[in-house]
Amino acid sequence: MRNIVLIGFMGSGKSTVGRRLARSLGWTLVDSDDYIVEHEGCAITDIFRDKGEAYFRNLETTCLKEILAKYPEKLILACGGGVPIAEENRKLLRKIGTVFYLRAKPGTLENRLKGDTSRPLLAGGDLRNRIDTLLKQRGKIYLDAADIIIDTDDKQLGDVINEITKKGRQPM
Ligand code: S3P
């Protein structure tokens, strides 16, 4: 089975699914946000505040290139929600592995993201509005980036894991 790449909106469960998959397959989990935090030595919110979003987006591309070089196999990559926006990144993701889009409805995302203060793009204003606006911009991008779509609403974590491992094993 090829490496597994998880993409999707903030709150779609990439990190949780990634952790569980890594445990059940015995593979390495890399979270692109954690990778960047380590690289920069500061939190995502600080990077956005001090250096801006464009700087952060460049870091995402740099980190994907490093990950592609470092992990030829047995990798689960959980991507920050904005990673697939850049076309260059979408190409890199496809090289890294099979890309799974963890899709969730706006209402599900809203419930999961309520009270969150770690995501600069959701700070201030009405949460549901922010989700709707960003999803409108990104919905097609996620579909374009994905090899396989996994609908996660109303599914147990174990079912999502089984679906990914089953579909990841099928020849494409
Ligand atoms: C972002 C998603 C976040 C993080 C940053 C920007 C986005 O990651 O990379 O706050 O643009 O959607 P998660 O999807 O893991 O929350």
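The rules we used
- Residues numbered from 1 in each chain as written.
- Predicted model: local features only at pLDDT ≥ 70, side-chain atom pairs only at ≥ 80, totals over all residues.
- Heavy atoms only, no water.
- Helix = DSSP H or I, 4+ residues; strand = E, 2+ residues; numbered from the N terminus.
- Buried < 20%, exposed > 50% of the residue type's maximum accessible area, 1.4 Å probe, protein only.
- Near = heavy atom within 4 Å.
- Polar contact = N/O pair within 3.5 Å; in protein donor to acceptor, adjacent residues only side chain to side chain.
- Areas by Shrake-Rupley, 256 points an atom, 1.4 Å probe, with all protein chains shown as cover.
- Nonpolar A, V, L, I, M, F, W, Y, C, P; charged D, E, K, R; others polar.
- Pairing = 2+ DSSP bridges.

A. Geometry of the environment of Lys136. Tracing the sequence through the fold places Lys136 in helix H7 (residues 127-145). Under the relative-accessibility criterion, Lys136 is labelled exposed at 75%. The sequence separation of Lys136 and Ser32 amounts to 104 residues, and the corresponding C-alpha distance is 23 Å.

B. How the structure looks around the site of the ligand. As a structural note, the neighbourhood of the ligand is formed by 13 residues, with Lys14, Asp33, Arg57, Arg119 and Arg138 the closest of them. Between an oxygen atom of the ligand and a side-chain N or O atom of Asp33, the distance comes to 2.7 Å. For the ligand, whose unbound accessible area comes to 390 Å², protein coverage reaches 96%. Of the residues assigned to the shell around the ligand, the class counts are five nonpolar, three polar and five charged.

C. Fine view of the pairing of strand S1 (residues 4-7). Side chains Ile4 and Leu6 of S1 all project onto a buried face; the interleaved residues Val5 and Ile7 project onto the opposite face, where all are buried too. Examined bridge by bridge, S1 and strand S3 (residues 75-78) share three bridges and lie parallel to one another. Looking at S3, one finds that Leu6 is bridged to Ala78. Judged from the four bridges that link them, S1 and strand S4 (residues 98-103) form a sheet pairing that is parallel. Bridging across to S4, Ile7 finds its partner in Tyr101.

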